[in-house]
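One letter stands for each residue in the lines below.
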Amino acid sequence: ALNFDHGSVSAEVEDEIAIIRKYNPSFKTSMYIDSGIHPEKNLETFSNDIGNVDDENIDWIIKNHPDWLLKDKNGDFLRAGDGTPALAGEYWPDPGNKEFQKWFAIKINTILNQSKVRWDTILIDQFFGKIDNYTNYAGSGEPIKYKDDRSLQKAQLDFLQTVSKLINRPIISNLDGTASLDYPDFFIEV
(Lines give C-alpha, C1' and ligand atoms only; values in the text may rest on other atoms or scores of the structure.)
Protein backbone atom coordinates (compact mmCIF):
# COMPACT_ATOMS: atom_id res chain seq x y z
CA ALA A 1 0.00 0.00 0.00
CA LEU A 2 2.82 2.41 0.75
CA ASN A 3 4.19 1.99 -2.77
CA PHE A 4 0.99 2.81 -4.65
CA ASP A 5 -0.90 6.06 -4.92
CA HIS A 6 -3.91 5.03 -7.02
CA GLY A 7 -5.93 1.93 -7.85
CA SER A 8 -8.96 1.02 -9.93
CA VAL A 9 -11.21 -1.67 -8.48
CA SER A 10 -14.84 -2.72 -8.55
CA ALA A 11 -17.11 -1.67 -5.72
CA GLU A 12 -17.32 -5.23 -4.39
CA VAL A 13 -13.80 -4.97 -2.92
CA GLU A 14 -14.39 -1.83 -0.88
CA ASP A 15 -13.19 -3.62 2.27
CA GLU A 16 -9.77 -4.05 0.69
CA ILE A 17 -9.60 -0.32 0.01
CA ALA A 18 -10.13 0.35 3.71
CA ILE A 19 -7.16 -1.91 4.50
CA ILE A 20 -4.95 -0.14 1.96
CA ARG A 21 -5.96 3.27 3.30
CA LYS A 22 -5.07 2.15 6.80
CA TYR A 23 -1.45 2.01 5.65
CA ASN A 24 -1.67 4.77 3.04
CA PRO A 25 -4.40 7.33 3.89
CA SER A 26 -3.78 9.29 0.69
CA PHE A 27 -4.45 6.27 -1.56
CA LYS A 28 -6.85 7.32 -4.36
CA THR A 29 -9.42 4.95 -5.80
CA SER A 30 -11.31 4.76 -9.05
CA MET A 31 -14.50 2.73 -9.02
CA TYR A 32 -14.30 0.40 -12.02
CA ILE A 33 -17.50 0.18 -14.04
CA ASP A 34 -17.84 -1.72 -17.29
CA SER A 35 -19.72 0.24 -19.96
CA GLY A 36 -21.64 -2.87 -21.00
CA ILE A 37 -24.21 -4.78 -19.02
CA HIS A 38 -23.65 -8.47 -18.36
CA PRO A 39 -26.38 -11.08 -18.66
CA GLU A 40 -28.09 -12.32 -15.53
CA LYS A 41 -26.16 -15.58 -15.50
CA ASN A 42 -22.89 -13.68 -15.02
CA LEU A 43 -23.97 -11.41 -12.19
CA GLU A 44 -22.31 -13.60 -9.57
CA THR A 45 -19.04 -13.46 -11.48
CA PHE A 46 -19.13 -9.88 -12.72
CA SER A 47 -20.06 -7.34 -10.09
CA ASN A 48 -18.44 -4.47 -11.89
CA ASP A 49 -21.20 -3.28 -14.17
CA ILE A 50 -24.16 -1.04 -13.65
CA GLY A 51 -26.62 -3.95 -13.98
CA ASN A 52 -25.53 -5.34 -10.61
CA VAL A 53 -26.67 -2.45 -8.45
CA ASP A 54 -30.25 -3.58 -7.83
CA ASP A 55 -33.15 -5.41 -9.49
CA GLU A 56 -33.04 -3.07 -12.48
CA ASN A 57 -30.63 -5.40 -14.25
CA ILE A 58 -30.41 -6.39 -17.92
CA ASP A 59 -33.65 -8.40 -17.75
CA TRP A 60 -35.45 -5.32 -16.40
CA ILE A 61 -33.97 -3.16 -19.18
CA ILE A 62 -34.99 -5.63 -21.91
CA LYS A 63 -38.53 -5.76 -20.54
CA ASN A 64 -39.01 -2.06 -19.76
CA HIS A 65 -36.52 -0.12 -21.87
CA PRO A 66 -35.28 -2.16 -24.86
CA ASP A 67 -34.58 1.13 -26.67
CA TRP A 68 -31.68 1.68 -24.23
CA LEU A 69 -29.74 -1.12 -25.94
CA LEU A 70 -27.93 -1.00 -29.27
CA LYS A 71 -29.09 -3.32 -32.04
CA ASP A 72 -27.35 -4.91 -35.00
CA LYS A 73 -28.48 -4.96 -38.65
CA ASN A 74 -30.81 -7.90 -37.92
CA GLY A 75 -32.59 -6.02 -35.14
CA ASP A 76 -31.00 -8.17 -32.43
CA PHE A 77 -29.48 -6.65 -29.32
CA LEU A 78 -25.78 -5.96 -29.74
CA ARG A 79 -23.95 -8.46 -27.54
CA ALA A 80 -20.33 -9.36 -27.04
CA GLY A 81 -19.16 -12.66 -28.50
CA ASP A 82 -17.39 -15.50 -26.74
CA GLY A 83 -13.88 -14.48 -27.85
CA THR A 84 -13.23 -12.48 -24.70
CA PRO A 85 -14.58 -14.55 -21.78
CA ALA A 86 -14.98 -11.55 -19.46
CA LEU A 87 -17.26 -9.89 -22.01
CA ALA A 88 -19.18 -12.93 -23.28
CA GLY A 89 -22.86 -12.15 -23.71
CA GLU A 90 -22.50 -8.57 -22.53
CA TYR A 91 -25.14 -6.17 -23.85
CA TRP A 92 -24.08 -2.80 -25.21
CA PRO A 93 -26.21 0.17 -24.14
CA ASP A 94 -26.90 3.15 -26.37
CA PRO A 95 -24.67 5.94 -25.02
CA GLY A 96 -26.79 8.58 -26.77
CA ASN A 97 -30.06 7.59 -25.09
CA LYS A 98 -30.91 10.35 -22.59
CA GLU A 99 -32.98 8.09 -20.35
CA PHE A 100 -30.17 5.55 -20.18
CA GLN A 101 -27.68 8.31 -19.35
CA LYS A 102 -29.79 9.45 -16.40
CA TRP A 103 -30.39 5.86 -15.23
CA PHE A 104 -26.63 5.19 -15.41
CA ALA A 105 -25.93 8.24 -13.22
CA ILE A 106 -28.60 7.15 -10.71
CA LYS A 107 -26.93 3.73 -10.41
CA ILE A 108 -23.48 5.29 -9.92
CA ASN A 109 -24.88 7.58 -7.22
CA THR A 110 -26.55 4.59 -5.55
CA ILE A 111 -23.20 2.82 -5.33
CA LEU A 112 -21.49 5.97 -4.05
CA ASN A 113 -24.16 6.49 -1.38
CA GLN A 114 -24.12 2.89 -0.19
CA SER A 115 -20.37 2.41 -0.24
CA LYS A 116 -18.33 2.35 2.95
CA VAL A 117 -15.34 4.00 1.28
CA ARG A 118 -14.65 7.26 -0.51
CA TRP A 119 -14.34 6.84 -4.27
CA ASP A 120 -12.23 9.55 -5.87
CA THR A 121 -13.17 8.90 -9.50
CA ILE A 122 -15.29 6.63 -11.67
CA LEU A 123 -13.44 4.62 -14.35
CA ILE A 124 -15.65 3.53 -17.25
CA ASP A 125 -14.07 0.66 -19.15
CA GLN A 126 -14.73 -0.49 -22.73
CA PHE A 127 -15.48 3.08 -23.74
CA PHE A 128 -15.54 2.72 -27.53
CA GLY A 129 -14.76 5.55 -29.92
CA LYS A 130 -14.87 3.47 -33.10
CA ILE A 131 -17.68 1.35 -34.45
CA ASP A 132 -15.34 -1.45 -35.46
CA ASN A 133 -14.33 -1.97 -31.82
CA TYR A 134 -17.71 -3.58 -31.25
CA THR A 135 -16.68 -6.23 -33.78
CA ASN A 136 -12.88 -6.30 -33.40
CA TYR A 137 -12.67 -6.13 -29.62
CA ALA A 138 -16.06 -7.25 -28.34
CA GLY A 139 -16.86 -9.78 -31.05
CA SER A 140 -20.35 -8.42 -31.61
CA GLY A 141 -22.07 -6.91 -34.62
CA GLU A 142 -22.00 -3.23 -35.50
CA PRO A 143 -24.58 -0.87 -34.02
CA ILE A 144 -26.98 0.22 -36.77
CA LYS A 145 -27.93 3.43 -34.96
CA TYR A 146 -24.49 4.94 -35.49
CA LYS A 147 -23.50 5.03 -39.16
CA ASP A 148 -19.92 6.20 -38.62
CA ASP A 149 -17.32 6.76 -35.91
CA ARG A 150 -18.12 10.46 -35.57
CA SER A 151 -21.79 9.82 -34.77
CA LEU A 152 -20.79 7.26 -32.13
CA GLN A 153 -18.24 9.69 -30.70
CA LYS A 154 -20.86 12.44 -30.49
CA ALA A 155 -23.11 10.07 -28.52
CA GLN A 156 -20.22 9.06 -26.23
CA LEU A 157 -19.37 12.72 -25.51
CA ASP A 158 -23.04 13.46 -24.82
CA PHE A 159 -23.08 10.50 -22.42
CA LEU A 160 -20.01 11.78 -20.56
CA GLN A 161 -21.31 15.34 -20.35
CA THR A 162 -24.72 14.29 -19.04
CA VAL A 163 -23.47 11.72 -16.54
CA SER A 164 -20.69 13.98 -15.23
CA LYS A 165 -23.25 16.65 -14.37
CA LEU A 166 -25.31 14.14 -12.39
CA ILE A 167 -22.62 12.51 -10.27
CA ASN A 168 -20.27 14.11 -7.82
CA ARG A 169 -17.05 12.47 -9.02
CA PRO A 170 -14.74 12.92 -12.00
CA ILE A 171 -15.08 10.33 -14.74
CA ILE A 172 -12.13 8.60 -16.37
CA SER A 173 -12.94 6.84 -19.63
CA ASN A 174 -10.80 3.92 -20.70
CA LEU A 175 -11.01 4.81 -24.38
CA ASP A 176 -10.02 2.09 -26.82
CA GLY A 177 -6.50 2.55 -28.17
CA THR A 178 -7.40 2.65 -31.86
CA ALA A 179 -9.81 5.54 -31.35
CA SER A 180 -7.15 7.37 -29.36
CA LEU A 181 -4.70 7.02 -32.26
CA ASP A 182 -7.11 7.57 -35.14
CA TYR A 183 -9.05 10.43 -33.56
CA PRO A 184 -6.72 12.48 -31.34
CA ASP A 185 -9.25 15.33 -31.20
CA PHE A 186 -11.88 12.96 -29.83
CA PHE A 187 -9.34 11.60 -27.33
CA ILE A 188 -8.68 15.16 -26.12
CA GLU A 189 -12.41 15.88 -25.81
CA VAL A 190 -12.95 12.71 -23.80
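All of the points below concern the structure found in this document. (Residues numbered from 1 in each chain as written. Predicted model: local features only at pLDDT ≥ 70, side-chain atom pairs only at ≥ 80, totals over all residues. Heavy atoms only, no water.)

1. Topic: empty space enclosed by the protein
In this structure the tally under the stated criterion is one cavity of 30 Å³ or more. Approximately 120 Å³ is the volume found for the largest cavity. Put simply, the parts of the chain that give the lining of the largest cavity at least two residues each are helix 3 (98-114), strand 3 (121-127) and helix 5 (149-166). With three residues, the top contributor of residues to the lining of the largest cavity is strand 3. Across the lining of the largest cavity, the residue classes break down as 10 nonpolar, three polar and no charged. (1 Å grid on protein atoms, 1.4 Å probe; cavity = no way out; pocket = protein on both sides within 12 Å on 5 of 7 lines; lining within 4 Å. Points joined across faces, edges and corners; volume = space filled by probe spheres on them. Helix = DSSP H or I, 4+ residues; strand = E, 2+ residues; numbered from the N terminus. Nonpolar A, V, L, I, M, F, W, Y, C, P; charged D, E, K, R; others polar.)

2. A look at the packing of aromatic side chains
One pass over the full model with this rule turns up 13 aromatic pairs. Aromatic rings pair up to connect Trp-60, Trp-68, Phe-100, Trp-103, Phe-104 and Phe-159 into one cluster. (Phe/Tyr/Trp six-rings, centres within 6.5 Å; stacked < 30°, edge-to-face > 60°.)

3. Considering the side chain of Asp-125
Tracing the backbone shows Asp-125 in strand 3. Among buried Asp, Glu, Lys and Arg side chains, Asp-125 stands out as unpaired, with Lys-130 the closest opposite charge at 17 Å. Beyond its immediate stretch of four places on either side in the chain, Asp-125 contacts Tyr-32, Ile-33, Asp-34, Ser-35 and Asn-174. (Buried < 20%, exposed > 50% of the residue type's maximum accessible area, 1.4 Å probe, protein only. Lys, Arg positive; Asp, Glu negative; His and termini not counted. Salt bridge = Lys/Arg side-chain N within 4 Å of Asp/Glu carboxyl O. Contact = heavy atoms within 4.5 Å.)

4. A closer look at helix 3
Between the first and last C-alpha of helix 3 there are 25 Å, a value that for 17 residues agrees with the 24 Å anticipated at 1.5 Å per step. Within helix 3 the residues assigned to the buried category are Phe-100, Gln-101, Trp-103, Phe-104, Ala-105, Lys-107, Ile-108, Ile-111 and Leu-112. The secondary structure elements touched by the buried residues of helix 3 are strand 2 (28-34), helix 2 (58-64), strand 3 and helix 5. Measuring from the side-chain oxygen of the N-cap residue of helix 3 to the backbone nitrogen of Glu-99 gives 3.0 Å; that N-cap residue is Asn-97. (Expected span 1.5 Å × (residues − 1). Polar contact = N/O pair within 3.5 Å; in protein donor to acceptor, adjacent residues only side chain to side chain.)

5. What to know about the pairing of strand 4 (residues 171-175)
Here strand 4 shows one buried face, formed by Ile-171, Ser-173 and Leu-175, and one open face, formed by Ile-172 and Asn-174. Across four bridges, the pairing between strand 3 and strand 4 is parallel. Among the inter-strand pairings, Phe-127 is bridged to a residue of strand 4, identified as Leu-175. (Pairing = 2+ DSSP bridges.)

6. Focus: the sheet that holds strand 2
The parallel open sheet is built from four strands, whose spatial order is 1-2-3-4. What marks the edges here is a single partner per strand, and that holds for strand 1 (6-9) and strand 4. Shown here is a sheet whose adjacent strand axes are inclined to one another by a mean of 25°, direction ignored. Lying over the sheet, helix 3 contacts strand 2 and strand 3, oriented at roughly 140° with respect to strand 2. (Axes fitted to C-alpha atoms, helices over the stretch in contact; angles between N-to-C directions.)

7. Some words on the side chain of Thr-121
Looking at where Thr-121 falls in the secondary structure, it is placed in strand 3. For Thr-121, a relative accessible area of 12% translates into the label buried. A distance of 2.3 Å separates the side chain of Thr-121 from the side chain of Ser-30, its partner in a polar contact. Here Thr-121 is in contact with His-6, Thr-29, Ser-30, Met-31, Arg-169, Pro-170 and Ile-172, once residues within four sequence places are set aside.

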